[in-house]
Each structure stands twice: as C-alpha cells, then as structure tokens.
Amino acid sequence: MTKDVMNRNAKDNDYLHKDFHGALSAGLIYLEERFGANAVREYLWQFAKAYYAPLTDDVNRRGLVALRDHFQKIYTLEQAIFTLALSENELILNLEACPAVMHIQAKGYPLSPRFYETCKTVNQALCDETPFAFELVTYEPATGQSIQKFYRRSPKP
Amino acid sequence: MISCTEFIPAYSELFKFLEARGGKPMVYDFWNYLSDAFLGNLRDLVAQNGIRGCWLYWSHTLNEEAADFTMELDEEKGEFQILMHHCPSKGRLLKEKHLTAYRDYCEHCDVLYRRVLEPMGYECSLDRSQCDRAKCCFMVKSTKK
C-alpha cells in the first residue's frame, strides 16, 4: 500500500473556514450554560474592545466610512447579500441573511440563542469611545437577517 | 457578525476570558466541551474510514484554513502525520501587533483531537516545541494490533 502525501503552501488556498462560525457559536453556548447570558455579552465586549481597537481608532479618524469599509470587506468575503447606505450621520447595513448563521444552520451546528450578540454587543463595543452609537433595528434569529444602524450620537447641526 | 477570518483572535481571547473566570481548569473544561460538541465530524470520519478519516478531516480543514503543511498517511502502518510548516492560526496571533496570544493557545489542538481519537484506538502526540514559530508536528498512530 502506498503512502498518501499532501503538500500545501499558504498561497495555494484562500483563507475562509466557515466552520469557525460553528465553533464560536459553541463557545457562546458554553459561556451561557456555565455563567449565564451576561457572560456572553462580557466576553464579546472584551474581545471587541481588544481586537477591534485599531478599527475604533479608524472610526474616530474617518467616521462611519471606516465602518462601511470594514463591513463591505467582511460581508463580501463571506459572500453575503447586503447593502450599506452611508450618509453623514448614519450607516445602515441591510443584511439579507447572516453568512455565519446560514453556515451554522446548513452544517447542523448548535446555534447559540445569543448569536445576535455578535452583532449587537460587538457593534456597540466598536462604537464605544467614538461619536457614534449602534442599534440592532431588526434581527431574525433563524437566518440572521437584520437591519443594523450606526448613527452619530448628536447629529451635526 | 464576527467574520470567520477573525475567529482565531476571538478564540484566543475566549481562552483568556475563561482563565480569568476559573483558572486553567476552566479552559480545559471548555476544550473538552468543544471536542464533544463540535468534533463529531472527525469522530464520524474515523469511525467510518479508520485512520484515513484523519486524512479526510484535515484535508478539508487545513485547505480551507490556507495552512502551509505536509500531511502523510500510511494506512498499512496505521500512521498519520501533519507537519505544520506554518500554522495559519498561531501565525495570525503572532502577527497581531495589538493582541497577545493566549499563553497556551496551541495546547487546544492536543486536548481537542486526543479526546476524540484516543478512545477510538489511536495514540496522539503533538510536538509543540516550535509553536512560538507557528510550527508543530501532530502524529496519530493506531494502537490496534
């Protein structure tokens, strides 16, 4: 019997492993089971404040354009159907279905009932210490379909 | 949404969060939970295909993760090996300028996969001596005579 050998360089493939969404969902379920729903929010807040610190800095420099560029990049990468509407004081993200939720559902991974916090808490943390705030206007848990609004706390006169 | 391309920092930060809550035992508890809850596909592939199930499982995941690796399967000897030349996950964490990786980040691979494979009759070893350079070697050997 011959030996099977597979050699790959990083450049041979694109980095897109959607099963990670399932692992994140499992992590949120674990947190809620062990520590309660607040722990899910605390963890996501801490993560977002730490990881997205450069993005928050960019929001303070460039305003909502920085958030538009961020969401344009990640939702395009994840092949989502979405629109982004940017005005001076508002950015509206209209997401037809969340690629993370759809992948979790398609693969049969457990979907955390707090998965919406990956939008709500994370985006609130992104806006913390900036002139902007976040509102999750609508959210459909089974698909992640949502309307997400970033807006200036006190609109410029 | 946290993109799947941003998951690894989220994962590493979760380990830190759990350790702050309950020490290292809490991190182990989570890894055991994740292995049981999330690695059913590895378990099924090995149950159906023997050690080739490892080849099938990691052929999928390592290609999607754009890893730099050499993978070998010798079914006659009952041996499977991943020589990771550059782990995309640890590599990503080492590259982040504003975040530090969880101290024992690479240990999760050892705990998660060992927990699936050892009860199925396979011996696992993970050489983490070069993890600080995003390199490792994972070996699985059949213990069946």
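Criteria and cut-off values
- Residues numbered from 1 in each chain as written.
- Chains lettered and ligands numbered in written order.
- Predicted model: local features only at pLDDT ≥ 70, side-chain atom pairs only at ≥ 80, totals over all residues.
- Heavy atoms only, no water.
- Buried < 20%, exposed > 50% of the residue type's maximum accessible area, 1.4 Å probe, protein only.
- Helix = DSSP H or I, 4+ residues; strand = E, 2+ residues; numbered from the N terminus.
- Contact = heavy atoms within 4.5 Å.
- Buried area = accessible area lost by both parts, 1.4 Å probe.
- Polar contact = N/O pair within 3.5 Å; in protein donor to acceptor, adjacent residues only side chain to side chain.
- Nonpolar A, V, L, I, M, F, W, Y, C, P; charged D, E, K, R; others polar.
- Pairing = 2+ DSSP bridges.
- Core = buried A, V, L, I, M, F, W, Y, C linked by side-chain atoms within 4.5 Å.
- Phe/Tyr/Trp six-rings, centres within 6.5 Å; stacked < 30°, edge-to-face > 60°.
- Axes fitted to C-alpha atoms, helices over the stretch in contact; angles between N-to-C directions.
- Salt bridge = Lys/Arg side-chain N within 4 Å of Asp/Glu carboxyl O.

Chemist: So what exactly am I meant to see when it comes to helix H4 (residues 88-95) of chain B here?
Modeler: The periodicity of an α-helix, 3.6 residues per turn, causes residues three or four places apart in sequence to face the same way. By the criterion of burial, H4(B) is predominantly enclosed, with six of the eight residues buried. Those residues of H4(B) not exposed but buried are Pro88(B), Ser89(B), Lys90(B), Gly91(B), Arg92(B) and Leu93(B). Those residues of H4(B) that are buried are in contact with helix H2 (37-51) of chain A together with helix H1 (7-38) and strand S2 (79-86) of chain B.

Chemist: Sorry, what's going on with the interface of chain A and chain B here?
Modeler: How big an interface is tends to be reported as the loss of accessible area on association of its parts. On the side of chain B, 47 residues touch chain A, which itself brings 54 residues to the contact. In total, chain A and chain B occlude about 4,800 Å² of area from one another, counting both sides; carbon and sulfur atoms represent 62% of this. Considering only the surface of chain A that becomes buried against chain B, Met6(A), Tyr15(A) and Tyr51(A) emerge as the three largest contributors, covering 16% of it. Summed over the shared surface of chain A and chain B, the number is 23 residue pairs in polar contact (both at pLDDT 80 or more). Those elements that provide at least two residues to the side of chain A that touches chain B are strand S1 (4-8), helix H1 (19-35), H2, helix H3 (53-62), helix H4 (64-77), helix H5 (99-107) and helix H6 (117-127) of chain A. Tallying contributions element by element places H1(A) first for the side of chain A that touches chain B, with 14 residues. Here the side of chain A that touches chain B is built from residues that sort into 32 nonpolar, 11 polar and 11 charged. Across five bridges, S1(A) lies against strand S1 (residues 68-74) of chain B in antiparallel orientation. Paired with Arg8(A) across the strands is Phe69(B), a residue of S1(B).

Chemist: What is the right way to look at the nonpolar core in this model?
Modeler: Burial of nonpolar side chains together is a common tendency in soluble globular proteins. Counting 97 residues, the largest nonpolar core has Tyr43(A), Phe30(B), Trp58(B), Phe80(B) and Leu117(B) as its most contacted members. Among the elements that take part in this core, H1(B) stands out by supplying 15 residues, more than any other. Leu117(B) has contacts with Val46(B), Cys54(B), Trp58(B), Tyr122(B), Cys124(B), Phe138(B) and Val140(B), leaving out every residue within four places of it along the chain.

Chemist: Sorry, what's going on with the environment of Tyr151(A) here?
Modeler: Residue and element names in this part refer to chain A. Topologically, Tyr151 is positioned in strand S5 (residues 145-152). As for Tyr151 and Leu91, which are separated by 60 residues in sequence, their C-alpha atoms are 6.4 Å apart. Residue contacts for Tyr151: discarding those within four places in its chain leaves Asn89, Glu90, Pro131, Phe132, Ala133, Phe134 and Glu135.

Chemist: Would you mind going over the packing of aromatic side chains with me for this structure?
Modeler: Two numbers describe a pair of aromatic rings. These are the distance of the centres and the angle of the planes. Under the counting rule described, the total for this entry stands at 28 aromatic pairs over all chains. Aromatic ring contacts, followed pair by pair, group Phe20(A), Tyr30(A), Phe7(B), Tyr11(B), Phe15(B), Tyr28(B), Phe30(B), Trp31(B), Tyr33(B), Tyr102(B) and Tyr105(B) into a single cluster.

Chemist: Quick question: what am I supposed to make of the sheet that holds strand S3 (residues 122-127) of chain B here?
Modeler: By way of backbone hydrogen bonds, the strands of a sheet pair with one another, either parallel or antiparallel. What the five strands build is an open sheet, ordered S1(A)-S1(B)-S2(B)-S4(B)-S3(B); its pairing is antiparallel. A single partner strand is all that each edge strand has here, and the edge strands are S1 of chain A together with S3 of chain B. Ignoring which end each strand starts from, the neighbouring axes of this sheet average 10° apart. Sheet topology note: the S1(B)/S2(B) ladder contains seven bridges and is antiparallel. Across the sheet, residue Asp68(B) finds its bridge partner in S2(B), namely His86(B). The strands touched by helix H3 (residues 52-64) of chain B are S1 of chain A together with S1, S2 and strand S4 (136-142) of chain B; relative to S1(B), the strand with the most contacts, the crossing angle is about 165°.

Chemist: I keep staring at the sheet that holds strand S3 (residues 90-95) of chain A and nothing clicks. Help me out?
Modeler: Residues and elements named next belong to chain A. Spatially, the four strands line up as an open sheet ordered S2-S3-S5-S4, and their pairing is antiparallel. Because the sheet does not close on itself, it has two edges, and the strands there are strand S2 (82-86) and strand S4 (132-140). Across the sheet, the mean angle separating the axes of adjacent strands is 10° when strand polarity is ignored. As paired strands, S3 and S5 are joined by six bridges and run antiparallel to one another. Directly across from Leu95, in S5, lies its bridge partner Ser146. Here H6 sits on the sheet and contacts S4 and S5; the angle it forms with S4, its principal contact strand, is near 170°.

Chemist: Would you mind going over the pattern of salt bridges with me for this structure?
Modeler: Between side chains of opposite charge, pairing is possible as soon as their charged atoms come close. Residue and element names in this part refer to chain B. Applying the stated rule across the entire model yields 25 salt bridges over all chains. A salt bridge links Arg115 to Asp36; the nearest nitrogen and oxygen atoms lie 2.8 Å apart. Placement of the pair is Arg115 in helix H5 (residues 107-117) and Asp36 in helix H1, with a sequence separation of 79 residues. Asp36 gets classed as partly exposed once you look at its relative accessible area, which sits at 42%. The partner of Asp104 in a salt bridge is Arg103, with the nearest N and O atoms 3.4 Å apart.

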